[in-house]
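# Overview (structure and organization)
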Amino acid sequence: MKTITFIGNGNMALSIAQGLKKNYKIEVVGRSLEKLKKFEEKLGVEIEKHIMDGFHMQDKTVLLCVKPANVQEVSKLLQGQARVIFSVLAGTSLEKLRTNFNTQAVVRTMPNLAASVNRSMTTLTGDINFQEEAKELLGAIGSTRWLSSEKEIDIATGLAGSGPAYLALIAEALTDGAVKQGLKRDDAMAIMRGLFGGFGELIQDIHPALLKDGVMSPGGTTAAGYGALEDGNVRSACMDAIEQAYKRAKEL
Ligand SMILES: NC(=O)C1=CN([C@@H]2O[C@H](COP(=O)(O)OP(=O)(O)OC[C@H]3O[C@@H](n4cnc5c(N)ncnc54)[C@H](O)[C@@H]3O)[C@@H](O)[C@H]2O)C=CC1
Ligand SMILES: O=C(O)[C@@H]1CCC=N1
């Protein structure tokens, strides 16, 4: 079984490790043995645990899962030359990763929180020689799409990386709206979850505009509600959200 070395033991590392644990041996490098043990407990399989300070990554296949602000601090603690680093760091350029880490190759990846349920939408870019390996590795946690530039992965970060948070806002707001009109909270939550489940399947094959046309009867309830969303500038706010997220990715 091939070994994947996680550097960092936070939410993203755990979500990805959940998807990889069946087919790969998992090694995790962190700052605290206690936290590494907790990671192992949550993952439910035995892992190799290492402290970051002085860790040898010679010829290893590394999944870098720390925060963008920790790059310099973390890179100073590591020794040896990695075979390849797959980074999940938002906005952190290939050049910055190459400058800070001793590695033969670098690939940027942008998964999302659905990695924990094997449904991540993960974008990839970087060393073309590792395209197939990246697709296979990150394919274990959902769908992948290789992009041809860093600009594109920074935009995709706003769409799919941050996207679960944006959809969560919509989900919560619609639920609150139903509660405001008198639906019980439990019922509203169950109905919202069913809505997102079905919608998630429909949107795979139907263009959003056609899906909307299919729901909206002349003079009906959907048209009434849809008008309120347009009055609230939801469309424009969604486009601004991607613009702001992209801008932020370029600053990281
Ligand atoms: N949370 C998400 O939905 C997504 C996150 N990402 C990226 O994943 C990366 C990790 O994010 P999360 O797992 O959500 O964060 P987190 O806060 O859960 O984990 C960060 C991990 O970094 C390590 N760390 C923190 N401070 C450190 C320091 N000073 N020195 C050394 N190591 C340190 C620790 O292992 C910590 O558990 C980020 O770079 C983020 O851009 C990418 C896609 C989606
Ligand atoms: O908010 C962030 O910076 C990270 C990247 C994508 C999702 N979370």
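Residues numbered from 1 in each chain as written. Chains lettered and ligands numbered in written order. Predicted model: local features only at pLDDT ≥ 70, side-chain atom pairs only at ≥ 80, totals over all residues. Heavy atoms only, no water.

In the annotation of an unreviewed UniProt entry, the protein is listed under the name Pyrroline-5-carboxylate reductase and assigned to Sulfurimonas aquatica. Word for word, the UniProt comment on the protein under Pathway (unreviewed entry) is "Amino-acid biosynthesis; L-proline biosynthesis; L-proline from L-glutamate 5-semialdehyde: step 1/1." Among the UniProt annotations of the protein, the heading Function (unreviewed entry) holds the following wording: "Catalyzes the reduction of 1-pyrroline-5-carboxylate (PCA) to L-proline." (UniProt positions renumbered as here; feature names shortened; annotations may be inferred.)

## Quick look at the site of ligand 1
In the neighbourhood of ligand 1, 20 residues make up the surrounding shell, with Asn9, Asn11, Met12, Val66 and Ala90 lying closest. Elements represented by at least two residues in the shell around ligand 1 include exactly helix 1 (11–20) and helix 3 (71–77). (Near = heavy atom within 4 Å. Helix = DSSP H or I, 4+ residues; strand = E, 2+ residues; numbered from the N terminus.)

## Here we look at the packing of helix 7 (residues 163–180) against helix 8 (residues 185–205)
Between helix 7 and helix 8, the shortest axis-to-axis distance is 9 Å and the interhelical angle comes to 140°. The orientation of helix 7 relative to helix 8 falls into the category oblique. Classified by chirality, the crossing of helix 8 by helix 7 is right-handed. Contact residues: Leu167, Ala171, Leu174, Thr175, Asp176, Ala178 and Val179 in helix 7; Arg185, Ala188, Met189, Met192, Leu195 and Phe196 in helix 8. Considering only residue class, the contact of helix 7 with helix 8 consists of ten nonpolar, one polar and two charged. (Axes fitted to C-alpha atoms, helices over the stretch in contact; angles between N-to-C directions. Parallel < 35°, antiparallel > 145°, perpendicular 65-115°, else oblique. Left-handed = near helix turned anticlockwise from the far one by under 90°. Contact = heavy atoms within 4.5 Å. Nonpolar A, V, L, I, M, F, W, Y, C, P; charged D, E, K, R; others polar.)

## A word on the pairing of strand 6 (residues 106–110)
Most of strand 6 sits out of view: five of its five residues are buried. Along strand 6, one buried face is formed by Val106, Arg108 and Met110 and the opposite face, lined by Val107 and Thr109, is buried too. Regarding topology, helix 4 (residues 94–100) serves as the crossover connection from strand 5 (residues 84–87) to the parallel strand 6, and that connection is right-handed. Here four bridges tie strand 6 to strand 7 (residues 120–126), and the two strands are oriented antiparallel to one another. The residue bridging Thr109 from the neighbouring strand is Leu124, located in strand 7. (Buried < 20%, exposed > 50% of the residue type's maximum accessible area, 1.4 Å probe, protein only. Right-handed = clockwise from strand over helix to strand, strands pointing away. Pairing = 2+ DSSP bridges.)

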